[in-house]
Amino acid sequence: DTGVSQDPRHKITKRGQNVTFRCDPISEHNRLYWYRQTLGQGPEFLTYFQNEAQLEKSRLLSDRFSAERPKGSFSTLEIQRTEQGDSAMYLCASSLTRGSPSTDTQYFGPGTRLTVL
Amino acid sequence: QKEVEQNSGPLSVPEGAIASLNCTYSDRGSQSFFWYRQYSGKSPELIMFIYSNGDKEDGRFTAQLNKASQYVSLLIRDSQPSDSATYLCAVNAGYSTLTFGKGTMLLVSP
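### A look at the sheet that holds strand β7 (residues 65-68) of chain A
Residues and elements named next belong to chain A. A sheet is described by the order of its strands in space; here four strands give the open sequence β1-β3-β8-β7, paired in antiparallel fashion. Edge positions in the sheet fall to β1 (5-7) and β7, since each of these pairs with one other strand and no more. Across the sheet, the axes of successive neighbouring strands diverge by a mean angle of 15°, strand direction being ignored. Pairing analysis gives three bridges linking β1 to strand β3 (residues 19-24), with the strands arranged antiparallel. Bridged to Q6 within β3 is C23.

### Section: empty space enclosed by the protein
Residues and elements named next belong to chain B. Applying the stated rule across the entire model yields one cavity of 30 Å³ or more. Taken as a whole, the largest cavity encloses approximately 40 Å³ of empty space. Lining the largest cavity are K2, E3, V4, Y25, S26, D27, S30, V91, A93 and T99. Of the residues in the lining of the largest cavity, the class split is four nonpolar, three polar and three charged.

### Re the pairing of strand β11 (residues 112-116) of chain A
Successive residues of a regular strand alternate their side chains across the two faces of the sheet. Residues and elements named next belong to chain A. Here β11 shows a buried face lined by T112, L114 and V116 and an unburied face lined by R113 and T115. Two elements, strand β2 (residues 10-13) and β11, share four bridges in a ladder whose sense is parallel. Counted as the bridge partner of H10 is R113 from β11. Strand direction decides the pairing type here: strand β9 (residues 88-95) and β11, joined by three bridges, are antiparallel. Bridging from a neighbouring strand, A88 pairs with L114 of β11.

### Focus on the nonpolar core
Residues and elements named next belong to chain B. Residues W35, V72, L74, I76 and Y87 are the most contacted members of the largest nonpolar core, which totals 23 residues. Residue assignment for this core shows that the elements contributing at least two residues are β3 (19-25), β4 (32-38), β5 (45-50), β7 (61-66), β8 (71-76), β9 (85-92) and β11 (104-109). Sequence-distant contacts of V72, that is, excluding residues within four places in its chain, are made with L21, N22, C23, F33, W35, I50, Q64, L65 and C89.

### Examining the environment of T76 of chain A
All names here are of chain A. In this fold, T76 is placed in strand β8 (residues 75-79). Placed 59 residues apart in sequence, T76 and Q17 show a C-alpha to C-alpha distance of 16 Å. In contact with T76, not counting residues within four places along its chain, are T20, F21, W34, S66, A67 and E68.

### A look at the interface of chain A and chain B
Tallying the contact residues gives 26 residues for chain A and 22 residues for chain B. Summed over both partners, the interface of chain A with chain B buries about 1700 Å², with 51% contributed by carbon and sulfur atoms. Linking chain A with chain B are zero salt bridges, by the criterion used here. For the pair chain A and chain B, the interface holds four residue pairs in polar contact (both at pLDDT 80 or more).

Calculation notes
- Residues numbered from 1 in each chain as written.
- Chains lettered and ligands numbered in written order.
- Predicted model: local features only at pLDDT ≥ 70, side-chain atom pairs only at ≥ 80, totals over all residues.
- Heavy atoms only, no water.
- Pairing = 2+ DSSP bridges.
- Helix = DSSP H or I, 4+ residues; strand = E, 2+ residues; numbered from the N terminus.
- Axes fitted to C-alpha atoms, helices over the stretch in contact; angles between N-to-C directions.
- 1 Å grid on protein atoms, 1.4 Å probe; cavity = no way out; pocket = protein on both sides within 12 Å on 5 of 7 lines; lining within 4 Å.
- Points joined across faces, edges and corners; volume = space filled by probe spheres on them.
- Nonpolar A, V, L, I, M, F, W, Y, C, P; charged D, E, K, R; others polar.
- Buried < 20%, exposed > 50% of the residue type's maximum accessible area, 1.4 Å probe, protein only.
- Core = buried A, V, L, I, M, F, W, Y, C linked by side-chain atoms within 4.5 Å.
- Contact = heavy atoms within 4.5 Å.
- Buried area = accessible area lost by both parts, 1.4 Å probe.
- Salt bridge = Lys/Arg side-chain N within 4 Å of Asp/Glu carboxyl O.
- Polar contact = N/O pair within 3.5 Å; in protein donor to acceptor, adjacent residues only side chain to side chain.

Here's what the structure looks like:
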């Protein structure tokens, strides 16, 4: 069990550029979540997948954001036409749903820190 | 609007003391409650979770839940300088996503 991994760990980009982040969940975890965290705030939910299906998206997820989990394993989060307000830590988490989703325990990856200049 | 409230701190305690971290939540339908520890610049690390009213102990950590009062707390016994971090309370309101508080910064002085 190698834990959740994310790539890259840091990304600096210029406003207007597109960026893509990757998350590899804990093996056999069927749920994968994306959160965003800014300084002094707790993580805010963006979206989550069960296997390859995207089941919920936050209203925080504008149409410039898109996420995929094509084969139910790794996931990508793309931000198009980045803005300075997109600067944040993007966190990925995964869980294994055994029954009631309300008891899922989510384990976080190291995060990708995005800086938009 | 589901809300989770935490005192931002910092909460300062001497080494060896008990640190008490508190969290209130607004959604009465909340079913599970999690405490994460986050060191500066790092990602959240799960400490423990609690589903039922009462106390749950794990080593030096005790989580306490009172659903009637919509209150959950984390006690850290024998606090160590390495416990200095931000502690995040997270609540699952019966769906799949977590709602986090802003976290409480804990400082343990030697």
